[in-house]
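Residues per chain are reported as follows:
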Amino acid sequence: EFATEAAKKGIQPIIGVDLEVVIPSAKHAGSTHHGRLLLLCQSEIGYRNLIALVSDSYLASALPDRSAILLEKLLAHAEGLILLTGAWNGLLGKLL
């Protein structure tokens with residue numbers, strides 16, 4: 001509804017979400033790295049993938065105390081999405 005009304009006014013909304021992503025550790029069984037990534041929709045497919053990821057983060061969270069998705073789930077639903085890492089404070093920056 002928001003995007004439709006904005007488009008009527010000539011405004012292209014940017015739709016996205018700040019999502020907690022969990023990466024299982026390759027070195028230590030049961031250990032994980034997690035942090036936030038910003039996902040933005042680039043297309044209709046991206047919007048559908050974003051909705052699937054957000055739904056999964058709540059219905060089947062990868063963390064016991066808050067909504068989160070596994071990296072493999074993000075990779076499976078990456079089409080049509082733009083990922084912003086948050087620079088040095090983001091998930092990927094912390095792993096470098």
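As shown above, the structure is provided for reference.
Figured I'd write up the structure that's included with this text. (Residues numbered from 1 in each chain as written. Predicted model: local features only at pLDDT ≥ 70, side-chain atom pairs only at ≥ 80, totals over all residues. Heavy atoms only, no water.)

1. Here we look at the sheet that holds strand β3 (residues 69-70)
Stated formally: If DSSP finds at least two bridges between two strands, the strands pair. Each helix is a run of DSSP H or I of at least 4 residues and each strand a run of E of at least 2, with the numbering of both proceeding from the N terminus.
The 4 strands lie next to each other as β3-β1-β2-β4, forming an open sheet whose pairing is mixed. Edge positions in the open sheet fall to β3 and β4 (81-84), since each of these has one partner strand only. Note that strand β1 (residues 16-24) and strand β2 (residues 32-41) share 9 bridges and pair antiparallel. Note that in β2 the partner of aspartate 18 across the bridge is leucine 38.

2. Considerations on the nonpolar core
Burial of nonpolar side chains together is a common tendency in soluble globular proteins. So the rule is basically this: Here, nonpolar core means buried Ala, Val, Leu, Ile, Met, Phe, Trp, Tyr and Cys residues that are tied together by side-chain atoms lying within 4.5 Å of each other. Only protein chains enter the accessibility calculation, which uses a 1.4 Å probe; a residue whose area is less than 20% of its type maximum is buried, one above 50% is exposed, and one in between is partly exposed. Any two residues having at least one pair of non-hydrogen atoms within 4.5 Å are treated as being in contact.
By size, the foremost hydrophobic cluster in this structure holds 13 residues, and its most contacted members are Leu19, Val21, Leu39, Leu50, Leu53, Ile69 and Leu74. If you list the elements that add at least two residues to this core, you get β1, β2 and α2 (44-59). A total of 4 residues in this core trace back to one element, the largest contributor, which is β1. Apart from residues no more than four positions distant in its own chain, leucine 50 is found in contact with Ile15, Gly16, Val17, Leu39, Cys41 and Leu81.

3. Brief notes about the pattern of salt bridges
Our working definition: Definition used for salt bridges: Asp or Glu carboxyl oxygen within 4 Å of a side-chain nitrogen of Lys or Arg.
Taken as a whole and judged by the stated rule, the model has 6 salt bridges. Note that arginine 36 is salt-bridged to glutamate 20, the shortest N-O span being 2.8 Å. Of this pair, arginine 36 sits in strand β2 while glutamate 20 sits in strand β1; the two residues are 16 residues apart in sequence, bridging distant segments of the chain. By relative accessible area, which is 5% here, glutamate 20 ends up buried.

4. What to know about α2
Given 3.6 residues per turn, any residue in an α-helix points the same way as the ones three and four places further on. As a reminder of what qualifies: Each residue after the first adds 1.5 Å to the expected span of a helix. Throughout, the arc means the angular range of directions from the helix axis out to the C-beta atoms.
Taking 1.5 Å of rise per residue, 16 residues should cover 22 Å, and α2 covers 23 Å from first to last C-alpha, within 8% of that figure. Those residues of α2 that sit buried are Gly46, Asn49, Leu50, Leu53, Asp56 and Ser57. Around the axis of α2, the buried residues are gathered within 130° of arc, so they sit on the same side. α2 presents Glu44, Tyr58 and Leu59 as exposed residues on the side facing more than 90 degrees away from its buried surface. Next to the buried residues of α2 lie β1, β2, β3, α3 (71-76) and β4.

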